[in-house]
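A closer look at the structure
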Amino acid sequence: MENNLVLRVVGKLLIPFILLFALYVQFHGDFGPGGGFQAGVIFATGIVFYALIFGLERARQAVPDRLVETMLASGVLIYAGVGVAGMLLGGNYLDYFVLDKNPVIGQHRGIFWVEVGVATTVSGVMLKIFYMFASRSVAGNAHEDPED
Amino acid sequence: MVLIVLALIRTRNLFGVIVLSGAYSFLMATVLVALDAVDVAMTEAAVGAGVSTVLLLGALRLCKSEEAKPAHRPWLPLAVAVSTGLLLAYGAMDLPDFADPQAPIHQHVVPRYMENEVDVPNVVTAVLASFRGYDTLGETTVVFTAGAGIIALLRRRKSGRGADGK
Amino acid sequence: MLEHFSYIVTVFLMVAGLFIIMAHGNLIRKMIGLSIFQTSVYLLYIAPGKLIGGTAPIIAPEYGIYSNPLPHVLILTAIVVGVATLALGLALAVRIREAYGSIEEDEILARDNAIEDAEEMRA
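Residues numbered from 1 in each chain as written. Chains lettered and ligands numbered in written order. Predicted model: local features only at pLDDT ≥ 70, side-chain atom pairs only at ≥ 80, totals over all residues.

What follows deals with the overall build of chain B. Along the backbone of chain B there are 7 helices and 0 strands. From first element to last, N terminus to C terminus, chain B shows the α and β order α-α-α-α-α-α-α. A sequence separation of at least 24 residues applies to 35% of the contacts in chain B between residues at least 6 apart. (Helix = DSSP H or I, 4+ residues; strand = E, 2+ residues; numbered from the N terminus. Contact = placed C-beta atoms within 7 Å.)

What follows is the structure in structure tokens.
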């Protein structure tokens with residue numbers, strides 16, 4: 001698939017917009033449909049698209065495994081950290097009202113960081129799963145050929 | 001949608017099945033839009049039709065693409081499925097009517113959610129991240145755990161791969 | 001009957017998913033059946049939340065009636081968890097394929113029985 005001109009050109013055109021759309025969905029999630037889950041999935045889809053057109057190796061150069069694995073864990077940590085921050089500021093766990101003097105702004109801040117955490121984990125997991133399956137095939141085939 | 005599901009049951013080629021299930025997911029997303037669940041529809045279109053199709057194809061590449069012919073006709077599963085379906089349909093008759101504003105689902109906590117005390121216009125986001133924050137935290141942890149499990153299952157060993165034939 | 005139409009569709013999808021899981025031996029096919037079963041549950045949750053004349057639950061001054069947001073939230077998380085578990089199941093299927101050379105239930109069972117018989121003979 002790496003030599004298909006149409007796919008390469010269209011892919012190069014579309015991928016920045018897919019990533020941009022993911023960010024839009026992420027930060028506009030308070031006002032329209034969207035949020036962390038959708039943004040994470042769309043972001044991962046953009047990278048998967050890149051990997052399908054330009055090959056897995058180049059996608060791995062752009063988004064290395066190490067980064068993906070860090071994203072996987074840091075998302076949950078960001079989420080849990082918001083809860084701990086609420087506790088340190090004198091509220092209950094995951095209580096956003098104390099995050100700012102104005103409770104409504106505190107809520108906004110809490111929701112924002114929670115969504116960031118969700119998006120990070122979801123996109124990390126989706127990308128990691130795809131990398132795992134895609135890189136597996138080479139090894140799996142080499143392994144099973146003598147057996148079959 | 002019903003036609004696609006019937007085709008899904010009949011088709012024997014797994015590649016065809018996966019493509020059909022992608023189409024099924026898109027149809028499901030349109031149904032969800034019609035039911036006013038825009039957030040869910042967006043997720044279903046991205047996840048169901050996008051990511052899971054790619055994952056299924058990825059898994060298919062590692063396996064055979066043709067399903068073996070079953071040894072016997074599936075009469076027993078058919079009987080069990082049909083009788084379960086009849087029971088469920090009979091039970092569903094006692095559920096509230098479609099779009100009944102007096103149904104219990106519209107009476108309990110939702111009016112409080114709708115007061116919009118966190119001042120976020122999209123109520124789904126507000127409920128997801130604020131009112132039901134524990135749920136979402138647990139759910140993110142589930143996704144993380146699934147990712148970790150897949151890494152554990154599919155990681156290539158550094159030394160001598162394929163050592164375990166069992 | 002007509003006011004319960006959404007439940008009928010839900011039940012049909014659920015039964016179809018159940019049938020695929022029970023009748024087919026192929027593990028990937030079973031995973032697809034499971035995800036159809038899941039989508040029927042999405043419909044079961046979302047459909048009662050709809051109100052005729054309502055709109056998506058995004059507060060705006062122009063609208064007065066909104067559909068119920070609570071099932072949307074529950075199902076939103078369910079979809080993402082669903083794809084994560086689907087991937088986990090596929091990973092298991094791939095490992096089984098590498099260990100047994102097949103993802104058909106019958107063949108796997110046959111191989112298991114053969115191994116057990118051999119061990120009994122040795123004992």
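Take the overall build of chain A next. Helix and strand counts for chain A come out as 5 helices and 0 strands. The burial tally for chain A puts 47% of its 148 residues in the buried class. For chain A, the share of sequence-separated contacts (at least 6 apart) that also reach a separation of at least 24 residues comes to 61%. (Buried ≥ 20, exposed ≤ 12 C-beta atoms within 10 Å, placed from the backbone.)

Moving on, we come to the confidence of the model for chain B. Parts of the prediction with low pLDDT should not have their coordinates interpreted in detail. Residue and element names in this part refer to chain B. In this model, chain B carries a mean pLDDT of 76, and residues with pLDDT of at least 70 account for 70%. The secondary-structure element of chain B with the lowest mean pLDDT is helix H1 (residues 2-10), recorded at 67, while helix H7 (residues 133-154) shows the highest, at 87. Scored below 50 in pLDDT, residues 158-166 shows 5 contacts in the model against residues more than four places distant or in partner chains. This prediction of the complex comes with two scores: 0.80 for pTM and 0.77 for ipTM. (pLDDT = per-residue confidence, 0-100.)

Looking now at the interface of chain B and chain C. Opposite the 74 residues of chain B that make contact, chain C presents 70 residues. Of all elements in the fold, only H1, helix H2 (14-34), helix H3 (38-61), helix H4 (75-92), helix H5 (110-114), helix H6 (123-131) and H7 of chain B reach the threshold of two or more residues within the side of chain B that touches chain C. Classifying every residue of the side of chain B that touches chain C gives 54 nonpolar, 11 polar and 9 charged. (Nonpolar A, V, L, I, M, F, W, Y, C, P; charged D, E, K, R; others polar.)

A few words now on the nonpolar core. By size, the foremost hydrophobic cluster in this structure holds 119 residues, and its most contacted members are Leu55 and Ala59 of chain B together with Ile28, Ile46, Ala87 and Leu90 of chain C. Looking at this core element by element, the count peaks at 16 residues for helix H5 (residues 103-144) of chain A. Mapping this core onto the domain boundaries places at least three of its residues in each of domain 1 (1-66) and domain 2 (106-153) of chain B. Setting aside residues no more than four positions away along its own chain, leucine 55 of chain B makes contact with Ile129 and Phe133 of chain A together with Leu86, Ala87 and Leu90 of chain C. (Core = buried A, V, L, I, M, F, W, Y, C linked by C-beta atoms within 7 Å. Domains from an automatic or database assignment.)

Before going further, it helps to examine unusual backbone geometry. Residue and element names in this part refer to chain B. Within the chain, aspartate 36 stands out as a residue other than glycine whose phi angle is a positive 75 degrees. Turning to its location among the elements, aspartate 36 is positioned in the loop between H2 and H3. Look at aspartate 36 and you get buried, because 24 C-beta atoms sit within 10 Å.

Residues and elements named next belong to chain A. Under the 1.5 Å per step criterion, the end-to-end length of helix H2 (residues 36-54) is 27 Å for 19 residues, consistent within 8% with the ideal 27 Å. A large share of H2 lies buried, amounting to 17 of its 19 residues. Phi turns positive one or two residues past the end of H2, at glycine 55, with a value near 95 degrees. (Expected span 1.5 Å × (residues − 1).)

What follows deals with the packing of H3 of chain B against helix H2 (residues 27-49) of chain C. As a packed pair, H3 of chain B and H2 of chain C sit with axes 12 Å apart at the nearest point and diverge in direction by 175 degrees. When the axis of H3 of chain B is compared with that of H2 of chain C, the two are roughly antiparallel. Residues Val40, Ser52, Leu56, Ala59 and Leu60 of chain B of H3 of chain B lie in contact with H2 of chain C, whose contacting residues are Ile28, Ser35, Tyr42 and Ile46 of chain C. For the contact of H3 of chain B with H2 of chain C, the per-class residue count stands at 7 nonpolar, 2 polar and no charged. (Axes fitted to C-alpha atoms, helices over the stretch in contact; angles between N-to-C directions. Parallel < 35°, antiparallel > 145°, perpendicular 65-115°, else oblique.)

As a further point, take the environment of histidine 108 of chain A. Residues and elements named next belong to chain A. Within the fold, histidine 108 resides in helix H5. Take histidine 108: there are 20 C-beta atoms within 10 Å of it, and that puts it in the buried class. Along the backbone, histidine 108 and leucine 23 are 85 residues apart, and their C-alpha atoms lie at a distance of 17 Å.

Let us now look at the confidence of the model for chain A. A residue-level look at chain A finds 90% of positions with pLDDT of 70 or above and a mean pLDDT of 80. Here residues 138-148 of chain A scores under 50 on pLDDT; set against residues more than four positions off or in separate chains, the count is 11 contacts.

Moving on: the packing of H3 of chain B against helix H3 (residues 69-100) of chain C. Taken N-terminus to C-terminus, the directions of H3 of chain B and H3 of chain C make an angle of 0 degrees; their axes are 10 Å apart at the nearest point. Comparing the axis directions of H3 of chain B and H3 of chain C gives the class roughly parallel. Taken together, the residues of H3 of chain C that come into contact with H3 of chain B (itself represented by Asp39, Val40, Thr43, Glu44, Val47, Val51, Ser52, Leu55, Leu56 and Ala59 of chain B) are His72, Ile75, Leu76, Ile79, Val80, Val83, Leu86, Ala87, Leu90, Ala93 and Val94 of chain C.

Turning to the environment of leucine 34 of chain C, a few remarks are in order. Residue and element names in this part refer to chain C. By the secondary structure assignment, leucine 34 is in helix H2. Judged by local crowding, leucine 34 falls into the partly exposed class, with 17 C-beta atoms found within 10 Å. Between the C-alpha atoms of leucine 34 and threonine 77, which are 43 residues apart in sequence, the distance is 17 Å. In this structure leucine 34 touches Gly17 and Ile21, once residues within four positions along its chain are discounted.

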